[in-house]
Amino acid sequence: MRASQKDFENAMNQVKLLKKDPGNEVKLKLYALYKQATEGPCNMPKPGVFDLINKAKWDAWNTLGSLPKETARQNYVDLVSSLSSSLESSSQVEPGTDRKSTGYETLMVTSEDGITKITLNRPAKKNAINIEMYHEIMRALKAASKDDSSITVLTGNGDYYSSGNDLTNFTDIPPGGVEEKAKNSAILLREFVGCFIDFPKPLIAMVNGPAVGISVTILGLFDAVYASDRATEMLVFGKKLTAGEACAQGLVTEVFPDSTFQKEVWTRLKAFAKLPPNAMRISKEVIRNREKEKLHAVNAEECSVLQERWLSDECMNAVMNFLSRKSNL
Ligand SMILES: CCCCC/C=C/CC(=O)SCCNC(=O)CCNC(=O)[C@H](O)C(C)(C)COP(=O)(O)OP(=O)(O)OC[C@H]1O[C@@H](n2cnc3c(N)ncnc32)[C@H](O)[C@@H]1OP(=O)(O)O
């Protein structure tokens, strides 16, 4: 699944053949990924504020931070491929070939070689999980549980795995006020975590970079967690945990050097995907069934505690601090 130089060159040619203009936002993403894949992290001086076009290009490239060249190349190929399929809706999917699901705003979902890959796709926001993404992840998991793949992989696009809950989720207050907001959030979170508890096939997290908050706390519900050694910020209990430390604590299955992360993990996943799918599903069912009821009970309890905590001054201050930092208040 790792894009070769040849795949990259093909994708560059494919861009020129796109029948419809993909729009400025996508063109900026393509530009940034191309620069990162070919030159590495942004090395240009920041253009002046009135140089609007170059400033937008610079911002897009700079946002990719220290994303490795190979990952940028892969993301470029994935993006072009998703554009080709979404802009050419007449194209037929042949059995056994790579299938990409469109209809997601915040995810990229592909199915190939018996593996469904769900990629969190808000790299400019460090893959923060907004309300739409919560719903789309649940939808993608439900679809993956019924498709013909053997295993499902969750990963992130860009330099982060995920920065956790999108803190702007807390700013959209319904007419019923903050209490109603907290209640709705608890219902959503319970359903979201419930989908991971109930997921019937082997579920694997490829933690490609730093992971924060909810993206870390659900890792225990995966069947395997492979982390790049760039995943140095698994923020648990307010403490930064390296991928190696998370592995020592049992939260991560295995850590790989970032330079070989994609290659090594995909080789392993492709081998897993060749194992008998029913045997894997039944093994998981036997193991999970013993603890499912308890997991759902703990989930319900945690959501009810969180519903109260979201209304606390401590929580509101933490969110306000982050949001005011952003707007330089
Ligand atoms: C339904 C509700 C359920 C709730 C379930 C509860 C979950 C618990 C949690 O998950 S709490 C964890 C929340 N996450 C955080 O507190 C992390 C907040 N983000 C950061 O601290 C930093 O952004 C960072 C360390 C992840 C990255 O820092 P860096 O300086 O490298 O990058 P920026 O801060 O400039 O980020 C780039 C843009 O991304 C936006 N962004 C990043 N994370 C979030 C986020 N969690 N929520 C909202 N927005 C986020 C950031 O604002 C920048 O956007 P901008 O370019 O438009 O300014």
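Residues numbered from 1 in each chain as written. Predicted model: local features only at pLDDT ≥ 70, side-chain atom pairs only at ≥ 80, totals over all residues.

### Structural notes on the overall build of the protein chain
Across its full length, the protein chain holds 12 helices and seven strands. For the protein chain, the C-alpha radius of gyration of 20 Å lies close to 20 Å, the compact-globule estimate for 329 residues. When the backbone C-alpha atoms are referred to their principal axes, the protein chain occupies close to 55 × 55 × 40 Å. Within the protein chain, the proportion of its 329 residues that are buried is 33%. Across the protein chain, contacts joining residues at least 24 apart in sequence account for 72% of those joining residues at least 6 apart. (Helix = DSSP H or I, 4+ residues; strand = E, 2+ residues; numbered from the N terminus. Rg over C-alpha atoms; globule rule 2.2 N^0.38 Å. Buried ≥ 20, exposed ≤ 12 C-beta atoms within 10 Å, placed from the backbone. Contact = placed C-beta atoms within 7 Å.)

### Remarks on the site of the ligand
Taken together, 19 residues sit near the ligand, with Ala128, Ser163, Gly164, Asn165 and Gly213 positioned nearest. For the shell around the ligand, the element with the highest residue contribution is helix H6 (residues 177-198), accounting for three residues. Across the shell around the ligand, the residue classes break down as eight nonpolar, seven polar and four charged. (Near = placed C-beta within 6 Å. Nonpolar A, V, L, I, M, F, W, Y, C, P; charged D, E, K, R; others polar.)

### Description of the nonpolar core
Grouped together as the largest cluster of nonpolar side chains are 47 residues, with contacts concentrated most on Ile204, Val207, Val225 and Ala227. Broken down by element, this core gets its largest block of residues, six residues, from helix H5 (residues 131-146). Of all hydrophobic cores here, the second largest spans 18 residues; its members include Phe8, Ala32, Val77 and Leu79. (Core = buried A, V, L, I, M, F, W, Y, C linked by C-beta atoms within 7 Å.)

### A closer look at the pairing of strand E3 (residues 115-120)
Within E3, six of the six residues are buried, which leaves the element mostly enclosed by the surrounding structure. Here E3 shows no split at all, with Ile115, Lys117 and Thr119 on one side and Thr116, Ile118 and Leu120 on the other all buried. Linking two consecutive strands that pair antiparallel, namely strand E2 (residues 107-112) and E3, is a turn of two residues; a positive phi of about 55 degrees is found at Asp113 within it. Examined bridge by bridge, E3 and strand E4 (residues 151-156) share six bridges and lie parallel to one another. Of the residues in E4, the one forming a bridge with Thr116 is Thr152. Note that the unit made of E3, H5 and E4 has a crossover that is right-handed. (Pairing = 2+ DSSP bridges. Right-handed = clockwise from strand over helix to strand, strands pointing away.)

### Thoughts on the confidence of the model for the protein chain
Confidence along the protein chain averages 89 in pLDDT terms, with 92% of residues attaining 70 or more. Across residues 88-97, where pLDDT falls below 50, the model places three contacts with residues more than four positions away in sequence or in other chains. Predicted complex, confidence summary: ipTM 0.99, pTM 0.74. (pLDDT = per-residue confidence, 0-100.)

### Some points on the pairing of strand E6 (residues 224-228)
Strand residues, when the strand is regular, have side chains that alternate between the two faces of the sheet. Counted residue by residue, E6 has four buried out of five residues, so it is predominantly covered. Of the pairings in the sheet, the one linking strand E5 (residues 203-207) to E6 comprises four bridges and is parallel in character. Its bridge partner being in E6, Val207 is matched across the sheet by Ala227. Alignment of E6 against strand E7 (residues 254-256), held across three bridges, turns out to be parallel. Residue pairing for E7: Tyr226 is matched across the bridge by Glu254.

### A word on the packing of H5 against H6
Two elements in contact, H5 and H6, have axes separated by 10 Å at closest approach and are oriented at 30 degrees. Comparing their axes, H6 and H5 come out roughly parallel. As for the relative orientation of H5 and H6, their crossing is left-handed in sense. Here H5 contributes Tyr134, Met138 and Leu141 to the contact with H6, which in turn contributes Leu188, Glu191, Phe192 and Cys195. (Axes fitted to C-alpha atoms, helices over the stretch in contact; angles between N-to-C directions. Parallel < 35°, antiparallel > 145°, perpendicular 65-115°, else oblique. Left-handed = near helix turned anticlockwise from the far one by under 90°.)

### Quick notes on helix H9 (residues 261-273)
In this model H9 runs 18 Å from its N-terminal to its C-terminal C-alpha over 13 residues, within 8% of the 18 Å that 1.5 Å per residue would give. Those residues of H9 not exposed but buried are Phe261, Gln262, Val265 and Leu269. Taken down its axis, H9 places every buried residue within 80 degrees of arc, on the same side. In H9, the exposed positions that point more than 90 degrees away from the buried face belong to Thr267 and Ala271. (Expected span 1.5 Å × (residues − 1). Arc of directions from axis to C-beta.)

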